There are 2 protein chains.
Amino acid sequence: MTATEEPTNGSSAKRKPGNSGATIYDIAKLAGVNPSTVSRALTTPGRINERTEAKIRAAATELNYRVNPFARALPTGRTKLIALMVANITNPVFFDVVRGAQEAATLAGYTLVIADSEESAEQEAIAANKIMPVVDGIALVTSRLEDEQIAALHAEKPVVTMNRVVQGVSSTIPDSVPGVDQLIAHLGSLGHKSIAYLSGPSSAWMNNHRWGLLLDAAVKVGMNIVEIGPNSPTLEAGKAALSRVRASGVTAVVAYNDLMAIGLLREAVANGVSVPGNLSVAGFDDIFGADFTSPGTTTVKTPLLELGRIVINRLIAEIEDPEATAVNAATGLVTTLVVRGSTGQPRQA
Amino acid sequence: MTATEEPTNGSSAKRKPGNSGATIYDIAKLAGVNPSTVSRALTTPGRINERTEAKIRAAATELNYRVNPFARALPTGRTKLIALMVANITNPVFFDVVRGAQEAATLAGYTLVIADSEESAEQEAIAANKIMPVVDGIALVTSRLEDEQIAALHAEKPVVTMNRVVQGVSSTIPDSVPGVDQLIAHLGSLGHKSIAYLSGPSSAWMNNHRWGLLLDAAVKVGMNIVEIGPNSPTLEAGKAALSRVRASGVTAVVAYNDLMAIGLLREAVANGVSVPGNLSVAGFDDIFGADFTSPGTTTVKTPLLELGRIVINRLIAEIEDPEATAVNAATGLVTTLVVRGSTGQPRQA
DNA sequence: TTGATTTTGTCAATCGGTTGCCAAATAAAG
DNA sequence: CTTTATTTGGCAACCGATTGACAAAATCAA
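Remember, it's a predicted structure, so these values are computed and weren't measured experimentally.

## Topic: the overall build of chain A
Phase 1 of the analysis: Counting its regular elements, chain A contains 13 helices and twelve strands.
Phase 2 of the analysis: For chain A, whose C-alpha radius of gyration is 26 Å, the value lies well above the compact-globule estimate of 20 Å for 349 residues.
Phase 3 of the analysis: Across its three principal axes, chain A shows a C-alpha extent of roughly 90 × 60 × 35 Å.
Phase 4 of the analysis: Split into buried and exposed, the 349 residues of chain A put 55% on the buried side.
Phase 5 of the analysis: Taking all contacts inside chain A whose residues are at least 6 apart in sequence as the whole, residues at least 24 apart take part in 71%.
Phase 6 of the analysis: Roughly 14,200 Å² of accessible area belongs to chain A as shown, and the carbon and sulfur atoms make up 52% of that amount.
Phase 7 of the analysis: Here chain A carries 30 positive and 33 negative side-chain charges, and the mean point of each set is 7 Å from the other.

## Here's the deal with the sheet that holds strand β8 (residues 252-255) of chain A
Residues and elements named next belong to chain A.
Phase 1 of the analysis: Ordered by their spatial adjacency, six strands build an open sheet running β7-β6-β8-β9-β10-β12, and the pairing between neighbours is mixed. On the outer flanks of this sheet lie β7 (224-228) and β12 (336-338), each paired with one strand and no other. Neighbouring strand axes in the sheet, compared pairwise and without regard to direction, differ in orientation by 25 degrees on average.
Phase 2 of the analysis: By the bridge criterion, three bridges tie β8 to strand β9 (residues 280-285) in an arrangement that is parallel. The partner of V253 across the bridge, within β9, is V281.
Phase 3 of the analysis: In the packing of helix α8 (residues 177-190) onto the sheet, the strands contacted are β6 (194-198), β8, β9, β10 (298-301) and β12, and the crossing angle to β12 comes to about 45 degrees.
Phase 4 of the analysis: Relative to β9, helix α12 (residues 258-270) is tilted by about 155 degrees, and along the sheet it contacts β6, β8, β9 and β10.

## Observations concerning the protein's contact with DNA strand C
Phase 1 of the analysis: Of all residues adjacent to DNA strand C, which total 26 residues, the nearest are S39, R40 and R72 of chain A together with T37 and T52 of chain B.
Phase 2 of the analysis: Counting only atoms of DNA strand C within 4 Å of the protein, the fraction found in sugar and phosphate groups is 48%.
Phase 3 of the analysis: At 2.9 Å from a sugar or linking oxygen of DNA strand C is found a side-chain nitrogen or oxygen belonging to Y65 of chain A.
Phase 4 of the analysis: A distance of 2.4 Å separates a phosphate oxygen of DNA strand C from a polar side-chain atom of T52 of chain B.
Phase 5 of the analysis: Listed by contribution, the elements that provide at least two residues to the surface near DNA strand C are α1 (24-31), α2 (35-43) and α4 (69-76) of chain A together with α2 (35-43) and α4 (69-76) of chain B.
Phase 6 of the analysis: No other element matches α4 of chain A, which puts five residues into the surface near DNA strand C.
Phase 7 of the analysis: Split by residue class, the surface near DNA strand C holds eleven nonpolar, eleven polar and four charged.

## A closer look at the nonpolar core
Phase 1 of the analysis: Counting residues in hydrophobic clusters, the biggest one holds 68 residues, and the most contacted among them are I82, L84 and I312 of chain A together with I82, L84 and I312 of chain B.
Phase 2 of the analysis: Excluding residues that lie within four positions of it along the chain, I82 of chain A makes contacts with A105, Y110, T111, L112, V113, V135, G137, I312, L315, I316 and I319 of chain A.
Phase 3 of the analysis: The next biggest cluster of nonpolar side chains, apart from the first, holds 44 residues, and it includes M85 and M132 of chain A together with I131 and I150 of chain B.

## Points about the domain arrangement of chain A
Interfaces are often sized by the amount of accessible area the parts lose when they come together.
Residue and element names in this part refer to chain A.
Phase 1 of the analysis: With domains assigned, chain A is organised as domain 1 (17-67), domain 2 (76-173 + 304-332) and domain 3 (175-303).
Phase 2 of the analysis: Contact with domain 2, which involves 16 residues of that partner, is made by 14 residues of domain 3.
Phase 3 of the analysis: Contact between domain 2 and domain 3 buries roughly 1,300 Å² in total, counting both sides, with carbon and sulfur atoms accounting for 63%.
Phase 4 of the analysis: When the area that domain 2 buries against domain 3 is broken down by residue, the three leading residues are R144, N163 and L304, summing to 34%.
Phase 5 of the analysis: In this assembly, domain 2 and domain 3 are joined by four residue pairs in polar contact (both at pLDDT 80 or more).
Phase 6 of the analysis: By residue number, the principal contributor to the side of domain 2 that touches domain 3 is helix α13 (residues 304-320), which donates four residues.
Phase 7 of the analysis: When the residues that make up the side of domain 2 that touches domain 3 are grouped by side-chain class, the tally is seven nonpolar, five polar and four charged.

## Details of unusual backbone geometry
Phase 1 of the analysis: Put simply, V275 of chain B and P276 of chain B share a cis peptide bond, and its omega is 10 degrees.
Phase 2 of the analysis: Locating P276 of chain B in the fold gives a position in the loop between α12 (258-270) and β9 (280-285).
Phase 3 of the analysis: Across the junction of S294 of chain B and P295 of chain B, the peptide omega takes the value -10 degrees, indicating a cis bond.
Phase 4 of the analysis: Looking at the element boundaries, P295 of chain B is found in the loop between β9 and β10 (298-301).
Phase 5 of the analysis: Phi angles above zero are rare outside glycine, and T142 of chain A is one such case at about 55 degrees.
Phase 6 of the analysis: Note that T142 of chain A resides in the loop between β3 (137-141) and α7 (147-156).
Phase 7 of the analysis: We classify T142 of chain A as buried; its relative accessible area is 10%.

## Quick word on the side chain of S143 of chain A
All names here are of chain A.
Phase 1 of the analysis: Relative to the elements of secondary structure, S143 occurs in the loop between β3 and α7.
Phase 2 of the analysis: Since its relative accessible area comes to 1%, S143 is described here as buried.
Phase 3 of the analysis: A distance of 2.5 Å separates polar atoms of two side chains, one belonging to S143 and the other to E124.
Phase 4 of the analysis: From its side chain, S143 meets the backbone nitrogen of L145 in a polar contact 3.1 Å long.

## Examining the pattern of salt bridges
Phase 1 of the analysis: Inspection of every chain in the model, using the stated rule, returns 24 salt bridges over all chains.
Phase 2 of the analysis: Here D116 of chain A and R99 of chain B are joined by a salt bridge, their closest N and O atoms 3.3 Å apart. Within this pair, whereas D116 of chain A is found in strand β2 (residues 111-116), its partner R99 of chain B is found in helix α5 (residues 93-107), the two belonging to separate chains.
Phase 3 of the analysis: A relative accessible area of 10% means that D116 of chain A is categorised as buried.
Phase 4 of the analysis: A salt bridge links D286 of chain A to K301 of chain A; the nearest nitrogen and oxygen atoms lie 3.2 Å apart. Here K301 of chain A lies in strand β10 and D286 of chain A lies in the loop between β9 and β10, a separation of 15 residues in the sequence.
Phase 5 of the analysis: By sharing partners, the salt bridges in this structure join D286, K301 and R340 of chain A into a single network.

Cut-offs used in this document
- Residues numbered from 1 in each chain as written.
- Chains lettered and ligands numbered in written order.
- Predicted model: local features only at pLDDT ≥ 70, side-chain atom pairs only at ≥ 80, totals over all residues.
- Heavy atoms only, no water.
- Helix = DSSP H or I, 4+ residues; strand = E, 2+ residues; numbered from the N terminus.
- Rg over C-alpha atoms; globule rule 2.2 N^0.38 Å.
- Buried < 20%, exposed > 50% of the residue type's maximum accessible area, 1.4 Å probe, protein only.
- Contact = heavy atoms within 4.5 Å.
- Areas by Shrake-Rupley, 256 points an atom, 1.4 Å probe, with all protein chains shown as cover.
- Lys, Arg positive; Asp, Glu negative; His and termini not counted.
- Charge placed at Lys NZ, Arg CZ, Asp CG, Glu CD.
- Pairing = 2+ DSSP bridges.
- Axes fitted to C-alpha atoms, helices over the stretch in contact; angles between N-to-C directions.
- Near = heavy atom within 4 Å.
- Polar contact = N/O pair within 3.5 Å; in protein donor to acceptor, adjacent residues only side chain to side chain.
- Nonpolar A, V, L, I, M, F, W, Y, C, P; charged D, E, K, R; others polar.
- Core = buried A, V, L, I, M, F, W, Y, C linked by side-chain atoms within 4.5 Å.
- Domains from an automatic or database assignment.
- Buried area = accessible area lost by both parts, 1.4 Å probe.
- Salt bridge = Lys/Arg side-chain N within 4 Å of Asp/Glu carboxyl O.

Printed below as a string of structure tokens:
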């Protein structure tokens, strides 16, 4: 390619304006019936005579008809679009959530629109308001919004949350207790007496949740635990936390998520701090790449794919039954500890 | 979930059906003007008397008016939605592309809809057809479709591609030559005489493109090169290729992408094949996690974020100017070699 | 003051479906 | 062979905005 833009062909294909497809009126004409009959045949199977319907379907196929979702949305107010709000599309933790959500949405005949809040409550509010009129409902994953803001959205359209509990709003939360208990037991059995929680954003409900569970579990087994943070949930923040972690004198660190754990782990190794000899590191979620590190990252695995599926299915259920009451779903989804090389006996424990 | 769903509160908020907001008719009533005047005031600044417009805007604000995108889309045929088709949303190579695309779309006032083709031409065709009526245009990233299919989409709405060249369709392609030349020079200087290309899917244009460039570059410096594949572009495929790679007798492998390179690298290390001592490994793209491996993965870095931005900007340009002719954009975007530990001198070179 | 221009705002048609209401056609019952 | 019940299909209003055509009002010129 050259410095100047180079046309790959001379003429740009001419294109009909607007939706280029056939309408129900075209079908009606072809099939010799009224447009309303076409509409009924296509949307309410059984309402129309079998033979007529067959004729209409044939005409529709012949004309390569596709309904115009906007024309349909106008009278019905339903678009078959749903939004998935994530904190940061480039955070690998969302990959599997997005995939699960995609699957569930597609399966149910919905199209997923992904919105990115860029880790900011303001951006999240803006994005949510922008997308609201277009979608039938919205799934908030790891929302940073205030409870009141979520309630306000909920008053307009169906809203469900994941990794966040808001009164009156359906939520999908994995059961973190098993994983946390296993992790604390694991660290205890290795001989750790004093550990730290490298916390994430204070506005993240899940951050406080994990901290609370760790605290309980540690106290129960007589282990000391301190919180270091809050921090942003990134590789860089994990990296930057090394000095504070060392200063604290703990022998093991549990980070809010794998990104932070990996950042910390790599920074430690790079600075000659042996992992797990001098410092054990663990994270949450088991994201892509957590097993690439040396040593591999011990982590509390979250069933992200299933969570994505469940949150969307719950949302669709509420869209299709406005009378549905809010529920906490997914309580059957448990986390489990995945032990890799980043946790081990503390030197001279 | 426990056996029974557990309500988090008793009453589900009642919600008005349809779009709950005010309409231009409400504004018109409040401001004492005709609805069409409201429409003009809001969409064609200057067309309406300044004082009238101010009054209308005040009323709109007071009623918390938001335009109904569907009602607008019906007469105009424009939705301000654009689709980004990716081969697999969980492939980290798309993270940065998606992020760049998001940024560009948001900046221009568009909303991005991400569609996933699941690495399949059939799924891609289905997804594209489904999303077409809803969006103003579509960006195909690493499309698996036939040229004719892409042309057919292009005849309907603006279409741009990334990492794919189709006659008459605007494309965004990074300049892979510098990175490939650097890579071959790097391997040559280390003493490699015979290398392999671990190829990706044969339907991926970029796979053939990279293979062609590598072939040229290798031949130019008198290096032997063989193709191993095609393979699916995954960690697993990279892993599975180890035996064939070893059998080929080459001292270095360049994989179609980092996922494959990482899979191969990790499998080699796990099987006692020293990297880079017995085998040098390199990939393409520099995805998230490529630096986590031990040794780190040498790779030809692609400016994915910029590519995402550019492809969307190009698409928007074509949406807003239907007369625009197809161009190859991104002519300034070059790839560069990132050397990490996975490439080195072959033992007894 | 009158006529010519320009500005401002109204009317009404339109986009492509959906749906309540009703009449015609058909089937079942008497 | 009516009468009644049930299908089936057509008519027309409606969802909320946009826009061409045009009339009314305001501005300017002479």
